[in-house]
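# Coordinates in review
Given next are the chains, with one letter for each unit.
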Amino acid sequence: MFKRISYKQFSEFLIEDGYTEAELRHLFKTVKSFDKEIKKWFIDWVNGEGLPSDEIEDKKISFFIDEMKLKPVNAFIVMNWLKTDPETAKYVLQREVPVLEITEDLKNTAQEYLDKHAAESSAQDASEEDMSDLCE
Amino acid sequence: MLMALEILIPVTVFAIGAGIKLISNLISTWGHKNVTPESLREQVELSQTDHEKIDETRELIRDMFGDNVAEKFKNASNVERINMINEFAHSLAKLYGLDDVDIDVVIDNVSLCGYYCHSKHQARFNILALTNGIDSPNYAALVKDMLDTVIHELRHAVQFKTVENDGFWNVDDERRAAWASNVKNYISASTDMRGYMQQPLEADAYVFAGLVMEGVI
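In this report, the structure presented in the accompanying data block is examined. (Residues numbered from 1 in each chain as written. Chains lettered and ligands numbered in written order. Predicted model: local features only at pLDDT ≥ 70, side-chain atom pairs only at ≥ 80, totals over all residues. Heavy atoms only, no water.)

Our next topic: the pattern of salt bridges. When their charged atoms lie close together, side chains carrying opposite charge are able to pair. Residue and element names in this part refer to chain A. If you walk through the whole model with that rule in mind, you get 21 salt bridges over all chains. One salt bridge connects Lys8 with Glu12, and the closest N-O pair in it is separated by 3.0 Å. In this pair, Lys8 and Glu12 both sit in helix α1 (residues 7–13), four residues apart, roughly one turn of the helix. Judged by relative accessible area, Glu12 falls into the partly exposed class, the value being 45%. Across the pair Lys107 and Glu104 runs a salt bridge whose closest N-O atoms are separated by 3.5 Å. (Salt bridge = Lys/Arg side-chain N within 4 Å of Asp/Glu carboxyl O. Helix = DSSP H or I, 4+ residues; strand = E, 2+ residues; numbered from the N terminus. Buried < 20%, exposed > 50% of the residue type's maximum accessible area, 1.4 Å probe, protein only.)

Taken together, the contact pairs 62 residues of chain B with 53 residues of chain A. Across the chain B to chain A interface the summed buried area is about 5300 Å²; carbon plus sulfur atoms make up 63%. In terms of surface lost to chain A, no three residues of chain B exceed Trp30(B), Lys33(B) and Arg194(B), which account for 14% of the buried area on that side. Along the contact surface separating chain B from chain A lie one salt bridge. A salt bridge links Glu87(A) to Lys33(B); the nearest nitrogen and oxygen atoms lie 3.5 Å apart. At the level of elements, α1 (16–30), α2 (38–41), β2 (114–117), α7 (139–164), α8 (173–184), α9 (193–198) and α10 (200–214) of chain B are the ones that each hand at least two residues to the side of chain B that touches chain A. In terms of residue count, α1(B) provides more of the side of chain B that touches chain A than any other element does, nine residues in total. Taken together, the three bridges between strand β4 (residues 99–101) of chain A and β2(B) define a ladder with parallel strand orientation. When the bridges of β2(B) are listed, Val99(A) appears paired with Tyr115(B). (Contact = heavy atoms within 4.5 Å. Buried area = accessible area lost by both parts, 1.4 Å probe. Pairing = 2+ DSSP bridges.)

Right, let's talk about the state of the cysteines for a bit. The final tally for this structure, using the stated rule, is zero disulfides over all chains. We note that Cys113(B) lacks a disulfide partner, and the nearest cysteine sulfur, in Cys117(B), lies 16 Å from it. (Disulfide = S-S within 2.5 Å.)

Once that is clear, we can look at the packing of aromatic side chains. Given two aromatic rings, one states the distance between the centres and the angle between the planes to describe the pair. The final tally for this structure, using the stated rule, is 16 aromatic pairs over all chains. Residues Trp45(A) and Phe76(A) carry aromatic rings whose centres are separated by 5.3 Å and whose planes lie at 40 degrees to one another, so their mutual orientation is tilted. Highlighted residues: Trp45(A) in helix α3 (residues 36–46) and Phe76(A) in helix α5 (residues 72–84), separated in sequence by 31 residues. Across this residue pair, the class does not change: Trp45(A) and Phe76(A) are buried. Between the aromatic rings of Phe65(B) and Phe73(B), the centroid separation amounts to 5.3 Å while the plane-to-plane angle is 45 degrees, which identifies the pairing as tilted. You'll find Phe65(B) and Phe73(B) in the same group, each marked buried. Through successive ring pairs, a cluster of aromatic residues spans Tyr7(A), Phe10(A), Phe13(A), Phe28(A), Phe34(A), Phe42(A), Trp45(A) and Phe76(A). For Lys71(A), the ring lying beneath its charged end belongs to Tyr19(A), and the centroid distance is 4.6 Å. Above the ring of Tyr91(A), the side-chain terminus of Arg95(A) is found at 3.9 Å from the ring centroid. (Phe/Tyr/Trp six-rings, centres within 6.5 Å; stacked < 30°, edge-to-face > 60°. Lys NZ or Arg CZ within 6 Å of the ring centre and 35° of its normal.)

If you want it as structure tokens, here you go:
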């Protein structure tokens, strides 16, 4: 049983969920910042111990996976959110999610703006990211 | 006027048909959370122009729908509902200076509740929830959510227009840069619900629309 999960293990574990490299890096950082209890649940799940059956704000993680059709990592994010900022989580979760399509044209327009204004991008340089192991 | 339907990219967090039941379930469990949370408001700095537009949007809603918005939708036919949302969205686009946005209003089991694509200048709204949820005890919440969605998506149109046009809505350079940067590293709700909501483009749209609706329903 692993008490530490490397980024490599993390990304291999989630390979079937179809995430891009950028999404995996984002999710890894996000999971690392989880509340201690939720982080332990996540590590236990990666180690094959199944999903937790505890409730947070009267909901189990299985509700978000089975009913709301969230991918498991997203469901863990929601449980962490309900624990750490319940009012905002509930406010957003009670709404259908409208969609914003991000096209290549839009990205080019945005980049043109940033180049023109020599603005600092908020996109973090990958080399600066902390990709140390996820641990309990 | 109903437009031809297209199958959209499946980026919904949950199926549209299950949406009404799930929302009702969550409202029943937690109570209806209809006030923009402080932690979300604190993330977003709105300008004087933003506040003026919020007030004008509230006024538009009152003028169009009267004091009991939910009742007006409940008692309408589906064609009337489509026309009301269509007229609301077009009026809002005019109010916001968005004269090049094409707006579709549909009822189907495929489309998302709200969709905006800036490259195509296209906004689409699916009012299935307003037709299927009539008997729901949370119908007012569904109506509120629909109007919120229209405002939310058109706010995105405003965001991108400010990036393209200096001075539009008097948005300062810092916010414009934050929105432009966010396009490059946008987080989808299907990947990370919390990250999605906290990012500059979405936090701004949620707060703006939420503040409009607090003053109305």
